[in-house]
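Coordinate inspection notes
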Amino acid sequence: MTENTLPTEQGSSTDSSSAESEADFGSASSPVSPEVDVENEASSHLPKSSQSKKRLVVLGLLGILSAALVAAIFLIRLPFYLVQPGSVRPAEQRIDISGAESFENKGDILFTTVFVDQATPALMLRGWLDDAVEIRTREEMYPDGDRKASQEQNQVRMDLSKLTATRVALQYLGIEATYDADGTRVLSVQSEAPSAGVLLPGDVIVAVDGAEIALPSDIAPELADRVPGDQVQVVVRRPSPDGQQVRQELDVTLGAAGDEVGRPILGIEAEPDAPSIDSDVNVTVDSGTVSGPSAGLAWTLAILDRLTPGSLTRGRTVAVTGEILDDGTVGPIGGILQKVAAVKRAGVKMFIYPAATPPEEQKEMRALAGKQVELRPVENLDQAVQALSPKGIQLPG
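1. Quick notes on the overall build of the protein
- Along its length, the protein carries 11 helices and 20 strands.
- Evaluated residue by residue, the protein yields a buried proportion of 37% over its 397 residues.
- At a minimum sequence separation of 6, the contacts of the protein that also span at least 24 residues come to 75%.
- Looking at the protein as shown, the accessible area adds up to about 22,900 Å², and 52% of this sits on carbon and sulfur atoms.

2. Observations concerning the packing of aromatic side chains
- Considering all chains together, one arrives at three aromatic pairs under this definition.
- Plain terms: the ring middles of Tyr81 and Tyr142 are 5.3 Å apart, the flat faces sit at 85° to each other, and that makes the pair edge-to-face. Here Tyr81, found in strand β1 (residues 80-90), pairs with Tyr142, found in the loop between α5 (138-141) and α6 (147-172); they are 61 residues apart in sequence, far enough to count as distant.
- A relative accessible area of 4% means that Tyr81 is categorised as buried.

3. Things to note about the nonpolar core
- Ranked by size, the top nonpolar core spans 41 residues in total, and within it Val283, Leu297, Trp299, Leu301, Leu304, Val320 and Ile352 carry the most contacts.
- At the level of elements, β2 (95-98), β3 (108-118), α6, β15 (282-285), α8 (296-307), β16 (317-320), β19 (350-354) and α11 (381-388) are the ones that each hand at least two residues to this core.
- With residues up to four places along the chain from it excluded, the contact list for Val283 reads Ile95, Asp96, Ile97, Thr166, Leu170 and Ile303.
- Counting 15 residues, the second largest nonpolar core, distinct from the first, contains Leu199, Val208, Ile213 and Leu223.

4. A few points about helix α4 (residues 121-129)
- Of all the positions in α4, only Leu123, Met124 and Gly127 are classed as buried. One face of α4 carries all of its buried residues, which in axial projection span an arc of 105°. Turned more than 90 degrees away from the buried face of α4 sit Trp128 and Leu129, all of them exposed.
- Among the structural elements, β1, β3 and β4 (134-137) are those in contact with the buried residues of α4.

5. Some remarks on the sheet that holds β4
- Strand order in the open sheet made by the six strands is β4-β1-β3-β16-β19-β20, with mixed pairing throughout. Of all strands in the sheet, those bounded by a partner on one side alone are β4 and β20 (374-378). Across the sheet, the mean angle separating the axes of adjacent strands is 35° when strand polarity is ignored.
- Inspection of the sheet shows β19 paired to β20 by five bridges, in the parallel sense. Opposite Met350, over in β20, you have Glu374 as the bridge partner.
- The strands touched by helix α9 (residues 336-345) within the sheet are β1, β3, β4, β16 and β19, with β1 carrying the most contacts at an inclination of about 45°.

6. Notes on the environment of Pro201
- Structurally, the position occupied by Pro201 is in the loop between β6 (184-189) and β7 (204-208).
- Pro201 sits 12 residues away from Val189 along the chain, and the two C-alpha atoms are 6.8 Å apart.
- The residues touching Pro201, leaving out its near neighbours within four places in the chain, are Val186, Leu187, Ser188 and Val189.

7. Comments concerning the confidence of the model for the protein
- Chain-level pLDDT for the protein is 86 on average; 86% of the residues reach the 70-or-more range.
- Low confidence marks residues 1-44, where pLDDT is under 50. Its contacts with residues over four positions away, or in another chain, come to six contacts.

8. Thoughts on α8
- The end-to-end C-alpha distance of α8, which contains 12 residues, comes to 17 Å, matching closely the 16 Å that a straight helix rising 1.5 Å per residue would cover.
- Of all the 12 residues making up α8, 12 are buried; the element is thus mostly covered by neighbouring parts of the structure.
- Buried within α8 are the following residues: Gly296, Leu297, Ala298, Trp299, Thr300, Leu301, Ala302, Ile303, Leu304, Asp305, Arg306 and Leu307.

9. Quick look at the packing of α9 against helix α10 (residues 359-369)
- Between α9 and α10, whose axes approach to 10 Å, the crossing angle comes to 20°. In this view, α9 runs roughly parallel relative to α10, as classed from their interaxial angle. For the pair α9 and α10, the crossing hand works out as right-handed. Contacts between α9 and α10 involve Ile336, Leu337, Val340, Ala341 and Lys344 from the first element and Glu361, Glu364, Met365, Leu368 and Ala369 from the second.
- Along the lines of polarity and charge, the residues of the contact of α9 with α10 split into seven nonpolar, no polar and three charged.

10. Focus: the pairing of β3
- In terms of strand pairing, β1 meets β3 through eight bridges, oriented antiparallel. Bridge assignment links Val83 to a residue of β3, and that residue is Val116.
- Pairing between β3 and β16: four bridges, direction parallel. Within the sheet, the bridge partner assigned to Asp108 lies in β16 and is Thr317.

11. Quick notes on a nonpolar patch on the surface
- Taken together, the side chains of Leu69, Val70, Ile73, Phe74 and Leu75 make up a nonpolar region of the molecular surface, amounting to roughly 500 Å² of accessible area.
- Note that Phe74 resides in helix α3 (residues 48-75).
- Note on Phe74: relative accessible area 53%, which makes it exposed.

12. A word on a negative patch on the surface
- There is a patch of like negative charges on the surface, built from Glu176, Asp180, Asp182, Glu212, Asp278 and Asp280.
- The class of Asp280 is exposed, set by a relative accessible area of 75%.

13. Re the layout of surface pockets
- Looking at the largest pocket, its volume works out to about 1,100 Å³.
- What lines the largest pocket is a set of 35 residues, and nearest its centre among them are Val114, Val116, Met141, Asn154 and Ser291.
- When residues of the lining of the largest pocket are traced back to their parent elements, those giving at least two are β1, β3 and α6.
- Here the lining of the largest pocket gets seven residues from one element, more than from any other, and that element is α6.

The rules behind the values
- Residues numbered from 1 in each chain as written.
- Predicted model: local features only at pLDDT ≥ 70, side-chain atom pairs only at ≥ 80, totals over all residues.
- Heavy atoms only, no water.
- Helix = DSSP H or I, 4+ residues; strand = E, 2+ residues; numbered from the N terminus.
- Buried < 20%, exposed > 50% of the residue type's maximum accessible area, 1.4 Å probe, protein only.
- Contact = heavy atoms within 4.5 Å.
- Areas by Shrake-Rupley, 256 points an atom, 1.4 Å probe, with all protein chains shown as cover.
- Phe/Tyr/Trp six-rings, centres within 6.5 Å; stacked < 30°, edge-to-face > 60°.
- Core = buried A, V, L, I, M, F, W, Y, C linked by side-chain atoms within 4.5 Å.
- Arc of directions from axis to C-beta.
- Pairing = 2+ DSSP bridges.
- Axes fitted to C-alpha atoms, helices over the stretch in contact; angles between N-to-C directions.
- pLDDT = per-residue confidence, 0-100.
- Expected span 1.5 Å × (residues − 1).
- Parallel < 35°, antiparallel > 145°, perpendicular 65-115°, else oblique.
- Left-handed = near helix turned anticlockwise from the far one by under 90°.
- Nonpolar A, V, L, I, M, F, W, Y, C, P; charged D, E, K, R; others polar.
- Patch = residues over 30% accessible without salt bridge, like charges linked within 9 Å, V, L, I, M, F, W, Y side chains within 5 Å.
- Salt bridge = Lys/Arg side-chain N within 4 Å of Asp/Glu carboxyl O.
- Lys, Arg positive; Asp, Glu negative; His and termini not counted.
- Charge placed at Lys NZ, Arg CZ, Asp CG, Glu CD.
- 1 Å grid on protein atoms, 1.4 Å probe; cavity = no way out; pocket = protein on both sides within 12 Å on 5 of 7 lines; lining within 4 Å.
- Points joined across faces, edges and corners; volume = space filled by probe spheres on them.

Right, dumping it as structure tokens:
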């Protein structure tokens, strides 16, 4: 970024020395003339009230310019974004459980956040001075160029992470839990696929060849006995201009998967529509305005702690980050350095994070944490539980 500075008056020193030389030269070659202060002489003929008004006008203009400059420093938005340390927040108090006994235990499992703000000149200065703040260009922050779409997608990822955390935690305790949804929502259709123009983004697939479809994973088994080029009947709910969902039956020609010869596909990118967890134990997680999948491991551990007697953290306050996957693996997340800084500033002594974090970032994390924060990398849920409670979880009953 080019630093904005006031332009230097060109040749001001030369002008000053030239004037001095000219005066010196004049004094050596001509009689000395009495100095006349023309400006003061002219001003002396003005009434004092006029001089006061003139000063007030000048001071007013200077005040306006100063206010405008200050406003510009703090209000003008630049094409950069600051990824900053956010907050650490208790996870367990955001979890509501019904259908099973729940427990209030000592200690806290905290999830971590980062704060993203569009830069102003003042914020840019702060970013340059604070090693825990990362400055990104608009293209780096939003590669697709659509900030709103990115925010919406992050909210979807948070919602899915809460469901994954619920299912993984319940199954960890031996409680049956499966995914469910109201259908499979089409996000996009491959432009070269035979289904392009037949299936549309926003369609919700509810059946293929008479078989009910709830989740995206339900589609492939229904195509297993088909080959590319075959036609299948796909039933969708399609939004109408008046906002209603209209049920339509479509004949869709199957395409071929690029990674496996002969495997038939619809040629779509999809996600569950209104996903949920089917279980006798109902878990509700209130994530507030936080989005993204990085609180998944914290939600999982917090649900485990709520469903078991005795403190999983042994009464300690522990910060946690990491995406939780269906098999209990802990996936890497973004903004890890900012989260270390947030944990350190909050005075939390232990931070559990994904072992899959790149080595160079882990090195920076250790330098930032110093001796104030114990960093515990984990690969999966089992390791996270062991990090908190080496003796394992105390099951109810």
